[in-house]
Each structure stands twice: as C-alpha cells, then as structure tokens.
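Next come the chains, spelled out residue by residue.
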Amino acid sequence: MSNATSLHWHIQGESRRTIDIQESEATFHTLSRQLTAHSSHTHDADHKGYGEKDVEKASLHDNGLEPFSLRDYLTSSNDANQAIGIQHKHVGVTWKDLRVEVPGGKDHKEYVKTFDASMLRSGLSLILWIWSFVARYLPAKKEDTTTILRESSGLAKPGEMVLVLGCPGSGCTTFLKAIANERGEYSSVGGDVRYAGIDAEEMGKTYKGETVYNHEDDIHIATLTVAQTLAFALSTKTPGPKGRLPGVSKKEFNAQVEDMLLKMLNISHTSGTLVGDEFVRGVSGGERKRVSIAEMMTTRARVQCWDNSTRGLDASTALDYAKSLRVMTDVLGQTTFVTLYQAGEGIYNLFDKVLVLDEGRQVYFGPPAQARSYFEELGYKPLPRQATADYLTGCTDSNERQFSPGRSAANVPSTPEALEHAFLASQFARSMYDDLEKYRLLMETERSDQEAFKRSVLLDKKRGVSKKSPYTLGYTGQVIALARRQFHMRLQDRFQLVTSFSLSIALALVLGAAFFNLPPTSNGAFTRASVIFAAMLTSCLDAFGEMSVQVGGRGILRKQTSYRLYRPSALALGNTLADLPFSAVRLLIYDIIVYFMANLHRSGGAFWTFHLFNYMAFLSIQGFFRTFGLFFSSYDTAFRLGAFFIPNLIIYIGYLIPVQQMKRWLFWLFTCDGSYVIPRNGHGIDKYPTVLGPNQVCTLFGAAPGSDVISGRSYLLTTYDMDSHDIWRRNFLVLLGWILFYQLTQVIALDFFPQSAGGIVYRLFAKETAETSKLNAHLRERRKKRLEDNAAEKAEIMNAKWETAAPTVDRSVFTWERVNYHVPVSGGTRQLLNEVYGYVKPGTLTALMGASGAGKTTCLDVLAQRKNIGVVAGDTLVDGRPIGSDFARGTAYAEQMDVHEGTATIREAMRFSAYLRQPYSMIELLELQDLADAIVSSLGTEARKRLTIGVELASKPELLLFLDEPTSGLDAQSAWNLVRFLRKLAAQGQAILCTIHQPSSLLFESFDRLLLLEKGGYTVYFGDIGPDSCVLREYFARHGAECPKNMNPAEYMLDAIGAGITPRIGSRDWKDVWLDSPEFQRVQHEISELKKSAKPKTNEVTPKYATPFLHQLAVVTKRNFLALWRSPDYVFTRLFVHLFVTLFVSLVFLQLGNSQRDLQYRVFSIFWVTVLPAILMNQIVPMFLRNRKSSSGIYSAEVFAIAQLLGEIPYSILCAIIYWVIMVRFSRLDGTGFQLLVIMFVELFGVALGQVIAAITPSVQVAVLFIPFIMVVLTTFCGVTIPYPNLAHFWRSWMYQLNPFTRLLSAMLSTELHGLQIQCKPDEFAVFNPPSGQSCAAWASDFVNSFGGYLDNPNDTQSCRYCQYKTGDEYTTPLNIFYDHRWRDVWIIFAFFIFNFVVTIVASRFLRYAKR
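Residues numbered from 1 in each chain as written. Predicted model: local features only at pLDDT ≥ 70, side-chain atom pairs only at ≥ 80, totals over all residues. Heavy atoms only, no water.

Below, the discussion takes up the overall build of the protein. Along the protein, the regular secondary structure elements total 51 helices and 31 strands. For the protein, with 1412 residues in total, the buried portion stands at 59%. Summarising the internal contacts of the protein: among those between residues at least 6 apart in sequence, 79% fall at separations of at least 24. A total of about 55,500 Å² of accessible surface is found on the protein, and carbon and sulfur atoms cover 57% of it. (Helix = DSSP H or I, 4+ residues; strand = E, 2+ residues; numbered from the N terminus. Buried < 20%, exposed > 50% of the residue type's maximum accessible area, 1.4 Å probe, protein only. Contact = heavy atoms within 4.5 Å. Areas by Shrake-Rupley, 256 points an atom, 1.4 Å probe, with all protein chains shown as cover.)

And the structure:
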C-alpha cells in the first residue's frame, strides 16, 4: 500500500479516494496554516535542526529499508481525509485561575506509622468508630490544605506545543495532571479549564480519552514483547470503519500504525523482544522509555501531556522524539504540553510557548525566543554556554541563580511572589490575558471546533458504543482484547508456567501415593472422604497467591485506564477468560492423577463429576481471593481479611462442600472389617467370629446391626446428612452462583472502588529525636551560609577550567582490552559488546555515552563485574593484574534503578552506607537538608535519584566509582551540582566512570575522557574530550563530521554516528573509522604503558567487605528491626491473623470436656497449629523478596539472611504467646509452658521455611506456588490426617520420620492427652448384645483388655456400652505418639528451624535471580 493510501490513526472518518505523495506535498503548506498559528515554513526552517538534512526523515540504514518520513506519512493520509471533508479534532486548551490544593496545612508533615501507634489505634478502634458517627452531627472543621499550584492562566491553541519548566517541586507535574484532567489525587482543583470550549467535568466524563498524561516512570507488563504491548493498546483504540480509509481492515490498520510508531522511535529491532524488568531481561532502559512514548501515542488523544518523557534517552533520540512531537502537532493539530528537566537548545526551539513555574506560581508564559531576554531584563545574569531552558529554571533556584553586575536580591524580583508580580505587570501577561479572553469568546460564539471534535469522536467509536462513553471499543471488545493480552502474558512467563504445572503434578502424585489404591472396606470410607477433601482444598488454596498478583498489577491498570484503553472491570473478565485454558489443563492433569491413583469409583460419569466440581470450587475460591486483592489498599490488608475467612471456610463446612458435590458417584458398597468391628479378635484372642456376627457391631456410620455391608449412600446420609439427589439441583447451582458472584464483586471493586497505585506522593517523615533535631538545625545553618557563598563560588567555577589531578603512586589504574560480551537468546547467542578497549586513570572523570540500546549500561555492568548471565571475554585488569575478590570493595556502583529500603529515612540510608563502608556526609552536598528525615518510599523520582548517588558516594571508593545515568531524572541545576562534585572528587584523585544522557555543553566539558559506543556494542571513540571539546571535535571533523560552533558536541556526535533515526554522516561505519585511526593505536599503546607503570602488587590480603562480619550484622539487623517497626500493617496483620484463627478455633471447641468427641476436638484444635506456618509463609515471602531487591553488595548475603530472621523473632514470639493464651483460655487445653515453647518453635520454623522458599525462587508469583505443595506434604504424612497404622510402609519409613509436623503433633498431643480420663457420653458408646447367658464383661473383657477402652455396664447381659478410650494415652499410642518422647520431638522441631535457617543463608549466598 502506498503512502497515499496508508491510513492514519489520528484522523477519523472514511475516505472515498486516495491522495498521492505529490498531491499531499502540494497541499502541505496550506494544510499546516490551517492547523497551527505558525506557518509550515516557520517550522520547517526553525525545527529542521542543523540546516543540513531533513530531520523528519529517518534512514533505516541498519536493515536496508527505504527512508521513513513521519511528516510525509502523516501528511499524505491527512490530506486524503481532508479532501472528503473529514475535519480535525481541534482541541485548544484554556485555563484561567487554575489552582490545585492538597491535604495538609502549611509546613504540615505526615509522619510514618509505627507499630506502637498502630496497636494503640487498634485498641481504641471501637471508640474511634463510635466517634466517627458522632462527628457527623458536630460542626465540621475545614480541612487544612496546601496550595501547590497557584492561580495560573494561559492558552494553547491546536497545533501548539507548550514547554513547562521549573525546579523539582515547583508544580510542573501537578500542572500537567490538571490539564490532562487527572484530578482525583488532589483535595481541590479550582479555576476554569476548557477544551475547545468544553468544561473539565464534561471532558472528564465523556471525552477523557482525548486528554492523556504520560507518567515519568515506565510501567509495563514485563513478559509481553514490544510489539504485543503496542498491539494491545492499538486494539482498544482502533477507530471503527468510519474512522478508517475504505478497504483497510482493522488488522492492516493496526499493523501499519505499529510499524510507523516503531520506525518513528527507532525501535523496530525490538519488536519481538520482551519489555522486561529487573527480573525479566528485556529491552534497554532507553528503549523501554520509547515503548512508553509509543503506547501513549496509540491513544490518538488531542491533548497530550508528557512528564519528563526524555528521561533515559540519549541526546540524539530525545531530539528525534521532540521533533516527532512537533511534526504530529503540526500536521494533526494536537495540543501538546511537555515538561523536561534537561532540554537542549535544539529541543527548546521546537516549542511555541514556554511556561515557567516557581513554587507553584506562574512567573513567565510566552514565546520561548523572548524568555531569556525577559529574565535578563529583570536582572539575572546568564552563564557561559548555558542552555536557555537551564537558564530559565536556574532563575527560579535560589541556590543557582546569579544577578547581573550591580544587581542584587534587593532590586531584582527573587522570591516566587515577586517574580509572579513582575510577570503579571509585564507585557507578556497582558498579551496572554488578551489572547485568552479573545479565544474563550471565540470558543463560546464560534463552536465549529467543538462540534467537529464531538462528531469526530462519535465517528471514531465502534458500533454499539454509547455516545457518552469515553471508550472507542465496546465492553465485549475490551474483554476480548484483555483476555488475549493476559493469555500471552501467562504463556510467555515460562518459568512460572513450568513451575506451576510441575508443582501441581508433583502434588497430585504425592496425594495419590498417600491415598494409593483405597480399599472398598470400612478402612477406606473415611480416607476416601479425606482424599476428596484434600484434593479440593489443595487446588483451591493454590489460588491464595492471586491476592499479591492483583495488588502488584495496579500500576499498569491505573496507567492504561487513565488512557481509557478499557474499562477497569473488563480486566476482571479478561483475567478469568485468559486463565481458563491454563487452569483447566493443570487441574485436569491434577484430578486424573489423584482420582485414579486413589482408586476412586472408576467410571466416566464419576470422574467428570469429580473434575467438574473440583474445578468449579477452584474458580469460586480464585474469584474470592481476587476480590480481596482488588478491594483492599495493600497486600497486608487483603491478606489479613483473606486469612480471617479461611478458617471459617474450613471449620464450619468440614467436608460439606467436597462430599456434597461429589457424592453421586459414591455408590460403592463398603465391607465392614478391621478396627470398625466390636468386639473382635486381637493378639492371642480367637474367641470372636472372623466375620461380623449377631453379637458384634460395625461402628461405621450407616451400618445396620448384624450386617457387614454399608452402602455409600447410607454412609453419607448418616455421617454428613447429605442427600445424593442434591448434586445437580442444589450444589451445582450454588457453586455456579458463587463463581458469578465473585466475578461480579471483582467488577464492582474495579469500577467503583479503585485502589490507587501511585499517584500523588505524600512525603512521610520520621519524628525528630533530640539527636536529629540538633543535626537538622546544624544543616539549616550550614545551608544559609552556603547560599551566601554560593554566587562567588559558582562564578569562580564557571570561569575556571577543570584541572585534572595527576595520578598518584598509591592509586590503582583500571584497564580493559578486547572486552566482548555474549548473551543467550532464542535460537543462539547475541553479542552486546564487541572488542571494547579503554582505561580509567586516577583523578579522571570518564563519560560512557552512546545511543539508547548501544550497550552503555551493559558495558558498565561488565566492567563493574555485575553480570551474572552470558559470557564475558577479554581482559579487565587492575594495575595490569586480573581483578581479585576485593574488587567490589574498592568500587561503588550507583545503579540506574533507585532501589532502597523504603522505610528508612534519607539520613538513615546515608548512615547505613557509611557505617558499612566509610563515613562521609552527603546530605548537604545533594541539597537534601529539608528531606533528611523523609521516608525513602515517599520520595519522588528526583529525590530518590539523589539518594542513590549519595549512598554510593558516601563510600569514597579507593579504586573506581561507577555511576549509571546519574543525571537522568534530575533537573539541570541538580545535574550540574552532581557533576561539579564528581569533578571535585576527581581532582582529589578519584577515578570515575559513568554513563550519561543528554549532557549540556557545560556538563560535557566537565569530563576528561569519552568512551562512545554505537549499536552492537562497537567502540566509536575513546580518548580525551579537551577544552571546549576541541579534541573530540577535531577527530570527527577530520573524518567528515564537522560540528557547528553553536551546536552541543554531545548531541552532534550522536547524530553524526547515526544514533537516532537520522542517517550517519559519511559513507563508512564509524566503528571502522575508529579501528583504522591512529587514536586507536595510541589507546592500545597507552594501555600497555599503564600496565607496565602500575604500582607493585602487595602481599596484603584484602577482605571482600570493608567492615567485619559482626559489625555488618549489627548494622543490618538494626535497620531491619527499624524497618519492621515502621511497617505496622505487616506486623499487625500477623497478630490479627493469629488472634482470629485461634479465637475462631477455640470458640468452636469452647470449654472442652472429657468425652470421646471432646478428645477428637482437642486433637483437631491442636492440629490447627500446623496452619500457622502456611499463614506465616504467605506473608514472609513477599517481604523477603522485597527486601532482597534493596539488598546491597556492601554487606554479605549471609548477613542479609540472618538479619531478616532476627528481625522477625520478637514478633513471632508475641504471636505465639497470643495464640497460646487464647487457645488455653477458651478451649481449656493444657496450658503448660511446654506447649508455648512448641508453638514458639513452630513460629520460628514457619518464618524460616518462608524465607527458604523466598530465597530459592525469583518472584512472589512463583514462590506462592510452593506453599500449598509443602503444606499438603507436611500435613498428609504427619500420622494424623492418615493415621500412622494406615500409612504405607514406604511413606512411614522416611517421609513420616522427616516430617516436622510429626514432631509438632507428637509433642503437643502427648502433652495434652497424657493422663486425660475419658468419659463417653451416651451417644458415643458402641452398643452390642452379648451371647445369651453371658454378661458384657464375660463376652467382651478379653477385647477390652487387648484394645483398651472400657465397658460402661460390665455386668449387664444386653445392650453393652463400650467406650473406645479410657485415657488419652490409649488414643495416642496407636498413632506412635508417646509422652516420653515429647522433649526429643520439640528439639527436633528446633533443629528443623536451624536447618531452614542454614538453607536460607546458603541460598541467599549462591542463588541470584536478578539477571543482568
């Protein structure tokens, strides 16, 4: 299909003819004048870049395709639609007195919750609940709020781009969200915002998909490919037949648009690659950012707000992206708002208007070309080589701005209020208000844009979609699209898929083996019900992990529903449909194994009934857990309530659900034998009949006197009061009703009770102590003094040239030669680094640059010895010798992903790093004085980035400092401060190597040396940069790429090598140019000389870590204790679950007596202790894995594992005490301290077992699959679920002996039942008649003496009443439980705990799942 017929997804309507390229070029200028206030000539001249090539054209030289022109592509399809009268969706945006407020008064601080405060609040919950009702009738106090965006006014017409600038915290993100109609996060949004004359309320209700906001963070589904990610978004936003060109199918449309987006952003090569995350290897960080950009572009929104969307992109790609926005805005008439932290001059010149904010106040709004002169006239001094965007932002930063000669803060507007007043008094404000009123009047009187917009949106919708719906696709279509996406997501998560199927099959084999070949006798009656119940319960509880999945998926849900890709509730239905093929196959295999190994009734109808009801039970419980995961704000809350209901489900139904659902096929006949006949022969006794006689009785429920045959129907009816006729008329319908009910609750939760996943960040603080209060006061004093000296210091630095410290003999030199790196991929391997050479001298600052995806982070990881997959070849040497085990100690690595312990404060995080390495103050340097006591998890992106850098800089590494994109996400001033500090470190002899994106000329010249890579990991240049980049400029000019004097060399060199979508300069590949250059020969020679002149090797053995083991353990354990103290939800959830499990169990068995039934209830009550490890594991696993992400190489893995356990011990003991007290108080069990000791050891065992599972698995989703398997194995073979005599010899010989639950139940039951006198109640006696003329004692005394129990009426001659047990010991002895073994058993439990502890340490040491 030619460009003339290529469809365009931004234009709605249908086309009756095609337009060729020549015609579209002829009409282009006229078209552009209709779309934007600037003529197309202006944009072509101003936005073309270097004036040498068409910046919209992308040469796909890597794959030999024809050049792709975004402007031609959009223009041709746009003309085709315009020719037949299809109008644009022009949406101009006006805002007047826009004001945004958040909860909390001025200087208000939210403090982090701690365990003690939460316990107090819980104790007062009843009083607080009552007060909440009383407070409704009292005069309401006005909520304190803080204004974060003050009265702002302005307009952006269709076809205009607005750049929003300001320091972090100035309100740029808030402004973008307010314009995008994302208002739910704020207390109030005032003022009047209109879109083509439509008010914000109507826009948000009916046209929300036309105003979108792109978040700074990249949130994606890691196991989808790039193509699948875009295909899904397109499938929900594809216009209907009236919005596409005639003859173009939906499939063709989506394919063309996807191809256009991939080419436009230069990521066509990644289409089949997984997006990835920290555990799933996928595209690079810069490529992932471009996937985020492409995903939002699929929305076809008319108003687009981009929040720092160039973060992580190299300078060339960032410029290409900005140019693409310019083209789309021009041709399509979009209205675009962008906030950028480090905008180069090339990007800045693309915008029509610039808005500058200072602490939420509008201090400039007007033409970009006049912004610099405006602030210069106010009295601000421009700095040499400073980009305009950086200069404007710096004017609002009290730490960075400088006044012109003769001017000062006394006569220059320097406060936010003064700057705002100056702007309002300026001609720019008057012009803006004049344009605003005229445009508002135009929109009110001339509604053509509004009407055309509404018509276009309506034509865009698929058939059947409501006119008032903000969605393009109908609800059914959304569900289908989501089901397809979720199916691919599950299918491509191979590790989890294989693990779930493997564990399910293994579990089925274990259950089938445990209940293998059940006999059709009385011995098989109870065990048949047991295997049915165990099979159903195990498969259902396997869905417990759904809660964590639902909580973890909120980020992607929030983003995509804000784009109005789909209705939130559609995800619930799509999830269910996508899961059906996997769960149906898995459970079918599971049921086949269990059913036929257990020798259940072998008929087709019986099996399929078993499978149908087991699968329906699974679906209903799956819906139950998903509902809890969706309704509650956090995993801990969901877990708390989920665990609250589980005991009820098990206790109060017993075997009701499985038996009631499966009893139709229980038509076998039981034969009464074995221990169910009374009296019977025993050891040395042969007086009783070998078959059931008239003077014997079968104790199996449903038996008739004198008959040894019992029908399954009678057994069920008598035992469980169940009628087999209810299976279809009641049970099937009830189960189906539960499935539908829980599906409905998921729909309701998602649509009406959405839980936030991100949104506005409320900074949390730790309450000041006497020490921190004193430290904070000192920081404020130092800050004041620093502000006074700052101007002179910066002027001196700006005008001076950096001096490189001479290498010293006591510093090591790091070199690398012939470095190659291969990684495994589908079908073979891929080379990511190719023959890379280089070195870092002491006292130098080396930049590692290249296009996004060129291998910068990969190279840094390889050099820093951080790779744990793939094959690394080549030499990485320190002083000419291979690196040793102490290499990590001598280096520091500030990673691109900011991973920290979320409950620590900034000061604590810094101290933690310093305590384990070297003390060094970073808070003042990184200007975090006001946030010293802020909780890390509540920090914004920019503050977290500073913290990441500070934590690593605190170590002052002896050998080398690695930093991966340290300036990404920082504003220009923060980036400058950071590089300035790195420069100071280098001047002191520190060797530094860091990747860097989008450096300004000023930042770029701060580096001594550059390693430049191109795609494929090839070296393009390694050498000095030189003053004013003269050395680098000369090298490129010598080979045909001369950098214009007004261009940033860092941007130009990337363009020159073809880093973006523009073709490279020159006919030869720059990697070949480098290999043939004398500079390359010089580098090889210099590496050789450096190795020869390196300092001699010392015999001193340097330990791997800077601090000894015990010091590490003390510091890390203290941090872990503090983290748990500040995680009250986590700890309180555990207490809550223990409290209610023991309470419900104890209430069921309230005030137990000494009857035979009470004996069984005592056993059952104690058996519930075995549930505690399952509860603990489901909570421990997510916490351990979350903490593992934030663990660092500055302390050993062994320390991490030990500290994790030590932090849990106090709360485990507290939980054990609570459980024991309530169990003893309500159930009247034996309350000895020995029982408490057992429960404590079980708690520790459960915690350690959960940590073992977490340590050996890569993610929560995989870890939770192990828990049901482990629990079923432990509870099945402990000698109680299947009584010890009935266990097969194979299992009894080893599994029973190695089972910690065997020792648990043995210790507790022997203690509880030892010496307990049993008094049977009347209905508990087995009644039989002795032979005529004999008393009960004469007939049955031999049986009683042999088997135990007692006769209640030994002298009677009829209706003999036999009680099976006389003492509790008679119950425990056949189960191989003895009172004398209780101390041995309790210490074996403790030994299991120690074993788990050791395995956790070993696994933490040797298993690494974060693939790099």
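Strand-to-strand pairing in sheets goes through backbone hydrogen bonds, with the strands running parallel or antiparallel. Taken in spatial order, the four strands make up an open sheet running β5-β3-β7-β8, and their pairing is antiparallel. Edge positions in the sheet fall to β5 (145-156) and β8 (198-199), since each of these pairs with one other strand and no more. As judged from the eight bridges shared by strand β3 (residues 93-103) and β5, these two strands associate in the antiparallel manner. Residue pairing in the sheet places Pro103 in a bridge with Thr145 of β5. Strands in contact with helix α16 (residues 427-445) are β3, β5 and β7 (188-195); relative to β5, the strand with the most contacts, it is inclined by about 75 degrees. (Pairing = 2+ DSSP bridges. Axes fitted to C-alpha atoms, helices over the stretch in contact; angles between N-to-C directions.)

A complete count under the given rule lists 68 aromatic pairs for this structure. Note on Phe624 and Phe628: the rings are 4.7 Å apart at their centroids and 55 degrees apart in plane angle, and the pair reads as tilted. Placement of both Phe624 and Phe628 in helix α24 (residues 604-631) is noted, with a separation of four residues, approximately one turn of the helix. Phe628 shares its class with Phe624; the two are buried. Through successive ring pairs, a cluster of aromatic residues spans Tyr364, Tyr374, Phe375, Tyr380, Phe403, Phe423 and Phe428. (Phe/Tyr/Trp six-rings, centres within 6.5 Å; stacked < 30°, edge-to-face > 60°.)

Our focus in this paragraph is the nonpolar core. Core analysis: the largest hydrophobic core is formed by 153 residues, its most contacted members being Val1238 and Ile1239. Per-element accounting of this core gives the leading share, 15 residues, to helix α44 (residues 1233-1256). Ignoring sequence-local partners within four residues, the contact set of Ile1239 consists of Val1169, Leu1172, Ala1216, Tyr1219, Trp1220, Met1223 and Met1308. Within the second largest apolar cluster, 112 residues are counted, among which are Met161, Val193, Val303 and Val354. (Core = buried A, V, L, I, M, F, W, Y, C linked by side-chain atoms within 4.5 Å.)

This part covers the sheet that holds strand β31 (residues 1360-1363). Here we have three strands laid out as an open sheet, ordered β29-β31-β30, and antiparallel in their pairing. A strand with exactly one partner marks an edge of an open sheet, and here the two such strands are β29 (1326-1328) and β30 (1350-1351). Pairing geometry for β30 and β31, over two bridges, is antiparallel. Within β31, the residue paired with Leu1351 across the bridge is Tyr1362.

All right, on to the packing of helix α23 (residues 568-597) against α24 then. Viewed as axis vectors pointing N to C, α23 and α24 meet at an angle of 135 degrees, and their least axial separation amounts to 10 Å. Our classification of the angle between α23 and α24 gives oblique. The chirality of how α23 crosses α24 is right-handed. Among the residues making up the contact of α23 with α24, the classes are represented as 15 nonpolar, six polar and four charged. (Parallel < 35°, antiparallel > 145°, perpendicular 65-115°, else oblique. Left-handed = near helix turned anticlockwise from the far one by under 90°. Nonpolar A, V, L, I, M, F, W, Y, C, P; charged D, E, K, R; others polar.)

We now examine the pairing of β31. Inspection of the sheet shows β29 paired to β31 by three bridges, in the antiparallel sense. From the neighbouring strand, Phe1328 faces β31, where its bridge partner is Cys1360.

Turning our eyes to something else, we now look at a nonpolar patch on the surface. Side chains of Ile505, Leu509, Val585 and Ile589 sit close together on the surface and give an oily, nonpolar patch of about 280 Å² of accessible area. Of all the secondary-structure elements, those providing two or more residues to the nonpolar patch are α19 (494-514) and α23. Residue position: Val585 is located in helix α23. Taking the relative accessible area as the measure of exposure, Val585 reaches 43% and is therefore partly exposed. (Patch = residues over 30% accessible without salt bridge, like charges linked within 9 Å, V, L, I, M, F, W, Y side chains within 5 Å. Salt bridge = Lys/Arg side-chain N within 4 Å of Asp/Glu carboxyl O.)

Pairing analysis gives nine bridges linking strand β19 (residues 814-825) to strand β20 (residues 828-840), with the strands arranged antiparallel. The partner of Pro824 across the bridge, within β20, is Thr829. The loop that links β19 with its antiparallel partner β20 comprises two residues; one of these, Gly827, has a positive phi angle of about 90 degrees.

The interhelical angle for the contact between helix α18 (residues 475-492) and α23, taken along N-to-C directions, is 45 degrees, at an axis separation of 7 Å. The pairing of α18 with α23 is recorded here as oblique in orientation. Both α18 and α23 take part in a crossing whose hand is right-handed. Within the contact between the two elements, α18 uses Tyr475, Gln478, Val479, Leu482, Ala483, Arg485, Gln486, Phe487, Arg490 and Leu491 and α23 uses Ser569, Ala570, Leu571, Leu573, Gly574, Asn575, Leu577, Ala578, Asp579, Pro581 and Phe582.

Here the focus is helix α39 (residues 1109-1125). A rise of 1.5 Å per residue sets the reference length of α39, with its 17 residues, at 24 Å; its end C-alpha atoms lie 24 Å apart and thus fit the reference within 8%. Buried within α39 are the following residues: Gln1112, Leu1113, Val1115, Val1116, Thr1117, Arg1119, Asn1120, Ala1123 and Leu1124. (Expected span 1.5 Å × (residues − 1).)

We now examine the state of the cysteines. Following the criterion strictly, the structure yields two disulfides and no others. In this model Cys1336 forms its disulfide with Cys1360; the gap between the sulfur atoms is 2.0 Å. Looking along the S-S bond of the Cys1336-Cys1360 disulfide, the torsion reads about -90 degrees, which is the left-handed sense. Taken together, the residues span a long stretch of sequence, with Cys1336 in helix α49 (residues 1336-1347) and Cys1360 in strand β31 at a distance of 24 residues. Under the relative-accessibility criterion, Cys1336 is labelled buried at 0%. Taking relative accessible area as the criterion, Cys1360 reaches 0% and is therefore assigned buried. (Disulfide = S-S within 2.5 Å.)

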